[in-house]
Amino acid sequence: MKKIKVGLVGYGFSGATFHAPFIKVLEEFELSKVVSSKKEEVQKELGAVKVVSALEDVLADELIDLVVITTPSGMHYEMAKQSLLAGKHVILEKPMVVQTWEAEELNKIAEEKKLLLSVYHNRRWDNDFLTVKKLINDGALGEINTYQVHFDRYRPEVRNRWREQQGPGSGMLYDLGSHLIDQALNLFGLPQFISADVFAQRGNAKTDDYFHIILGYDKLRVILHSGSIVPSNGPRFQVHGTKGSFIKYGMDGQEAALKEGKKPTEESWGADEPQFFGKLFTVDGDKEMEETIVTLPGSYTTYYKKVAKSILEGKKAPVTGEEGLNVIKIIEAALKSSEEKKVIYL
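Residues numbered from 1 in each chain as written. Predicted model: local features only at pLDDT ≥ 70, side-chain atom pairs only at ≥ 80, totals over all residues. Heavy atoms only, no water.

### A look at empty space enclosed by the protein
Next, step 1: One pass over the full model with this rule turns up 1 cavity of 30 Å³ or more.
Next, step 2: Computed from the structure, the largest cavity encloses a volume of approximately 120 Å³.
Next, step 3: If you trace the largest cavity, you find 13 residues lining it, with Arg161, Glu164, Met172, Arg202 and Ser228 closest to the centre. (1 Å grid on protein atoms, 1.4 Å probe; cavity = no way out; pocket = protein on both sides within 12 Å on 5 of 7 lines; lining within 4 Å. Points joined across faces, edges and corners; volume = space filled by probe spheres on them.)

Structure follows, in structure tokens:
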């Protein structure tokens, strides 16, 4: 099998936690170079991989097929553009870019050069979302009228990290919001209108740390919510339809497992804790029924497996550049809605 040689750009939290572990364990890939200033740390964790100081060192290597960009969001556009023009396939950490015109230009270049351009919206493969998606697709809930997701945290103090400081692509909406928006668009497509409240709730916040977004479809309302001062979480998913409701607590555990240094090859990878299995409530005439739904296993590995098939076999990307662009469109509309205090129609 031809291995896809990878240049990993950036070795901060995202590169070290969400990308390197999968590139290292999957037989389809070979991690050739890492762009980082932390050579000792990288080689301690990844072995004898070559550590270089600049993107240009990766692009000059004719053997490298795929560039994975995990730098701060404001750097994505220029780095991705350079990589595509150098003839490399590209994965961009989410959010794809900061502005829609940047995404449009990257998509055009990738199409012209017949290169993969994909966005790492890995939470399409969270165990809870996979379970919700199956229930919806199977018709277990009937016609969906309300889809509500929370991604809350308790971080009352602002940390010294780029996402919590002023700058392009920083803030909760671009960070966690891009996940929730991508999931919603994956299920329901683009909405007709957007209404949003986005602001800094913590007293010393430098950028937005709270959002409440409503995506409007015909008879469906999608509610996406995140706050940073939430000591105790309520339900993560509440999905209501004409036949029933699905309520689920708890978070997919893949991120926590990766932080602990666990390998995505472990047999129980992506499994949910039984206490977090969701409840399906249905009504048949006057009869109300409750059923525990065993959560499907999560699998971020699937994203990289699909990337390999895209590059080696010409299959569709697991998340396309066009899908990444649509997320940015919604983020821009949400910011405009919040600033102007009005509904934005697409």
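From this point on, the discussion continues.
### Points about the packing of aromatic side chains
Next, step 1: If you walk through the whole model with that rule in mind, you get 15 aromatic pairs.
Next, step 2: Centroid distance Phe13 to Phe18: 5.6 Å. Interplanar angle 85 degrees. Geometry classified as edge-to-face.
Next, step 3: The exposure class of Phe13 is partly exposed, given its relative accessible area of 42%.
Next, step 4: A ring pair is formed by Tyr147 and Phe188, whose centres lie 5.3 Å apart and whose planes are at 75 degrees; its orientation type is edge-to-face. Of this pair, Tyr147 sits in strand S7 (residues 144-150) while Phe188 sits in helix H7 (residues 172-188), placing them 41 residues apart in sequence.
Next, step 5: Classification of Tyr147 as buried rests on a relative accessible area of 0%.
Next, step 6: An aromatic cluster of three or more residues is present, and its members are Phe13, Phe18, Phe22, Phe29, Tyr120, Trp125, Tyr300, Tyr303 and Tyr304.
Next, step 7: Just above the ring of Phe151 sits the side chain of Arg236; from NZ or CZ to the centre is 4.8 Å. (Phe/Tyr/Trp six-rings, centres within 6.5 Å; stacked < 30°, edge-to-face > 60°. Buried < 20%, exposed > 50% of the residue type's maximum accessible area, 1.4 Å probe, protein only. Helix = DSSP H or I, 4+ residues; strand = E, 2+ residues; numbered from the N terminus. Lys NZ or Arg CZ within 6 Å of the ring centre and 35° of its normal.)

### A closer look at the layout of surface pockets
Next, step 1: In this structure, the largest pocket spans a volume of roughly 480 Å³.
Next, step 2: As for the largest pocket, its lining consists of 26 residues, and the residues nearest its centre are Phe13, Ser14, Phe18, Arg161 and Arg163.
Next, step 3: Of all the secondary-structure elements, those providing two or more residues to the lining of the largest pocket are helix H1 (13-25), H7 and helix H8 (254-259).
Next, step 4: Class assignment for the residues of the lining of the largest pocket results in 7 nonpolar, 8 polar and 11 charged. (Nonpolar A, V, L, I, M, F, W, Y, C, P; charged D, E, K, R; others polar.)

### Points about the pairing of strand S13 (residues 278-284)
Next, step 1: With 4 bridges joining them, strand S12 (residues 244-248) and S13 adopt antiparallel strand pairing. Bridge assignment links Gly244 to a residue of S13, and that residue is Thr282.
Next, step 2: Where S13 lies against strand S14 (residues 287-293), 7 bridges are found, and the strand directions are antiparallel. Its bridge partner being in S14, Val283 is matched across the sheet by Glu288.
Next, step 3: Counting the residues between successive antiparallel strands, the hairpin from S13 to S14 contains 2 residues, one of them, Gly285, with a positive phi of roughly 65 degrees. (Pairing = 2+ DSSP bridges.)

### Concerning the side chain of Thr282
Next, step 1: Position of Thr282 among the secondary structure elements: in strand S13.
Next, step 2: Accessibility expressed as a relative area gives 19% for Thr282, which makes it buried.
Next, step 3: Among residues more than four places away in sequence, those in contact with Thr282 are Ala140, Lys243, Gly244, Lys287, Glu288 and Met289. (Contact = heavy atoms within 4.5 Å.)

### Section: the sheet that holds strand S8 (residues 193-199)
Next, step 1: Taken together, the 9 strands give an open sheet; going across it, the order is S14-S13-S12-S11-S7-S10-S9-S8-S15, and neighbouring strands pair in mixed fashion. Of all the strands in the sheet, the pair left with one neighbour each is S14 and strand S15 (344-345).
Next, step 2: Two elements, S8 and strand S9 (residues 210-216), share 7 bridges in a ladder whose sense is antiparallel. In the sheet register, Phe199 faces S9, and the bridge partner there is Tyr210.
Next, step 3: Here helix H6 (residues 127-137) sits on the sheet in contact with S7, strand S11 (237-241), S12 and S14, set at roughly 5 degrees to S11.
Next, step 4: Across the sheet, helix H10 (residues 321-340) is in contact with S8, S9 and S15; its angle to S8 comes to roughly 70 degrees. (Axes fitted to C-alpha atoms, helices over the stretch in contact; angles between N-to-C directions.)

### Remarks on the environment of Ala140
Next, step 1: Inspection of the secondary structure puts Ala140 in the loop between H6 and S7.
Next, step 2: Spatially, the C-alpha atom of Ala140 lies 9.5 Å from that of Thr242, the residues being 102 residues apart in sequence.
Next, step 3: When residues no more than four places from it in sequence are discounted, the contact partners of Ala140 are Leu135, Lys243 and Thr282.

### A short note on helix H5 (residues 100-113)
Next, step 1: The end-to-end C-alpha separation of H5 is 20 Å, in line with the 20 Å expected for 14 residues at 1.5 Å each.
Next, step 2: When we look at burial in H5, the residues that qualify are Thr100, Glu102, Ala103, Leu106, Asn107, Ile109 and Ala110.
Next, step 3: The inward-facing, buried residues of H5 contact helix H4 (76-85), strand S5 (89-93), strand S6 (117-120) and H10.
Next, step 4: Looking one or two residues past H5, Lys114 carries a phi angle of roughly 55 degrees, positive in sign. (Expected span 1.5 Å × (residues − 1).)

### A closer look at unusual backbone geometry
Next, step 1: With omega at -10 degrees, the peptide bond leading from Lys94 into Pro95 counts as cis.
Next, step 2: Summarising the element assignment, Pro95 is placed in the loop between S5 and H5.
Next, step 3: Although it is not a glycine, Lys114 sits at a positive phi angle of roughly 55 degrees.
Next, step 4: With respect to the helices and strands, the residue Lys114 is situated in the loop between H5 and S6.
Next, step 5: Lys114 sits in the exposed class, given a relative accessible area of 71%.
Next, step 6: Phi at Lys341 takes a positive value of approximately 55 degrees, unusual for a residue other than glycine.

All quantities given are derived from atomic positions and should not be read as evidence of function.
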